[in-house]
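# Observations on the model geometry
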Amino acid sequence: MKKFISNQLGPNFTIKTAWQAFWNVRFLFLKPHPNPLLEGEGAKRNFSRDFQTKNYHLFNAARTALGEIAKIVKTKKKVGIPAVCCAVMATPFLAEGLEIEWLDCDERGLLDLENLAKKIDQIGILLVPHTFGQQVNLQKISELKKSPPQSGARREIFIIEDGAHFFAPISKYADAKILSFGREKDVSCVSGGALLWNENSEYAKKFRGISLPSAGKVWTLKHLLQPLVLAIALKFWFYGGRFFAGFWSKLKLFPRAVTPAEKCGAEDFPRTMMPRAIQGVLRQSLNRRKSDLAHRQKIAKKWQEIIPRIFPQAKVIVPENYFRVILLNVDRAEIKKRAKKIGFDLNEWDGNPISPAGVNPAKFGYKAGDCPQAEKFMRNYITLPTNVRVSEADVERFGEEF
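Residues numbered from 1 in each chain as written. Predicted model: local features only at pLDDT ≥ 70, side-chain atom pairs only at ≥ 80, totals over all residues. Heavy atoms only, no water.

## A word on unusual backbone geometry
Pro 353 follows Asn 352 through a cis peptide bond whose omega is 0°. Residue position: Pro 353 is located in the loop between β12 (344–345) and β13 (354–355). Residue Ser 355 is joined to Pro 356 through a cis peptide bond whose omega torsion reads 0°. Examined against the element boundaries, Pro 356 turns out to sit in the loop between β13 and α14 (372–379). A positive phi is found at Phe 132, a non-glycine position, where the angle reads about 55°. Since its relative accessible area comes to 0%, Phe 132 is described here as buried. (Helix = DSSP H or I, 4+ residues; strand = E, 2+ residues; numbered from the N terminus. Buried < 20%, exposed > 50% of the residue type's maximum accessible area, 1.4 Å probe, protein only.)

Spelled out as structure tokens, the structure:
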């Protein structure tokens, strides 16, 4: 049977695990256990062992965590964000009236430290993503923060580590960390996020006091259904599955990853805590973490075997968590077009450079040429999938048919 493989459409769920995720629907109708930390029953499950800290909150999305940081951390300076990013990394700050200082990236799409050094005195909050699982050296950023500024005044920069693509405990060099558990992230519960903070942060007390309403039952049900619908649709994509997915989308039962309003720089997402049914999906995903990583490693190794004969000029990067296999110095548009013909949708972060496609950069204070290295990166990279829906046979087929 011909197979459709995507970086973005339900990559972390098979039909079996999607059904297991949907079974958490029962928590919509059960009363919380009197002990809120009792595993499997409480309104708030205990993830302190997974996060290696008790200092955390669970939200309906990572952008909610950013929004809470934007409200609590006061600064008159700008928010520094690398230009290879998703629009929703900026919208929570724009909603709080903060201005973005766009930072250029290096050849791997990561924050360029030389560019940061030139702009650092304008920055009060710095967001540092480990893009596609590639780790940024936060120690060097911390050292740069402590170096003598030109003005002579001490630099006050709040560093936020973004672990959407690299799940790990908070770095000692960061003030806070956000985790995203969206459908295509390193760890997924379809939609969810976390805020972690270091105990010595001057804002620790305020972070601890964050209280938001829980997500509604309709919102929760839509997100519990999404992996199951996508898993079935992808299984039979070329045999009517795409129309099945389209039908659910027409009914507006597929929440958009980025809304039209967010593409124009406006906040358009409810801020809530993570409901316990979604926490159940997160627990299942974390329980599968070890086997998922082993699978990714196996698929990444297979990609490394076939890449030299298909893309001999490409520079290959395999991150520590095998989140993707990254190719640099390639014709992105041409590869995407050819790959789609054989059932591989390699679409990922399409923007120039703020993603996804359709973003109005002017609404984000960005104009063409502001970050030339980031713009070049967006045209000359591709990511190859390693997720649980990809088999070694799929990679072999790509090598033969591409």
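## Brief notes about the sheet that holds strand β10 (residues 315–317)
In spatial order, the strands read β10-β11-β14; together these three strands make up an open sheet with antiparallel pairing. On the outer flanks of this sheet lie β10 and β14 (381–385), each paired with one strand and no other. Taken pair by pair, the neighbouring strands of this sheet meet at an average axis angle of 25°, ignoring direction. Summarising the sheet, β10 and strand β11 (residues 324–328) pair through three bridges and their orientation is antiparallel. Residue pairing in the sheet places Lys 315 in a bridge with Leu 328 of β11. (Pairing = 2+ DSSP bridges. Axes fitted to C-alpha atoms, helices over the stretch in contact; angles between N-to-C directions.)

## Some details on the sheet that holds strand β2 (residues 56–59)
Taken together, seven strands build an open sheet; the order of strands is β2-β9-β8-β7-β6-β3-β5 and the sheet is mixed. The open sheet has two edge strands with one neighbour each: β2 and β5 (100–103). Averaged over all pairs of adjacent strands, the angle between their axes in this sheet comes to 20°, without regard to strand direction. Pairing geometry for strand β3 (residues 78–82) and strand β6 (residues 123–129), over three bridges, is parallel. From the neighbouring strand, Lys 78 faces β6, where its bridge partner is Ile 123. Sitting on the sheet, helix α3 (residues 62–72) touches β2, β6, β7 (158–162), β8 (176–180) and β9 (193–197), and the angle it makes with β8 is about 155°. (Contact = heavy atoms within 4.5 Å.)

## A few points about the packing of helix α1 (residues 15–22) against helix α8 (residues 217–235)
Packed helix pairs are characterised by how far apart their axes lie and by the angle those axes make with each other. Viewed as axis vectors pointing N to C, α1 and α8 meet at an angle of 165°, and their least axial separation amounts to 9 Å. By the angle between their directions, the pair α1 and α8 is classed as roughly antiparallel. As for the relative orientation of α1 and α8, their crossing is left-handed in sense. Contacts from Ile 15, Ala 18, Trp 19, Ala 21 and Phe 22 of α1 reach α8 at Leu 221, Leu 224, Leu 225, Pro 227, Leu 228, Ala 231, Ile 232 and Lys 235. Here the contact of α1 with α8 is composed, by residue class, of twelve nonpolar, no polar and one charged. (Parallel < 35°, antiparallel > 145°, perpendicular 65-115°, else oblique. Left-handed = near helix turned anticlockwise from the far one by under 90°. Nonpolar A, V, L, I, M, F, W, Y, C, P; charged D, E, K, R; others polar.)

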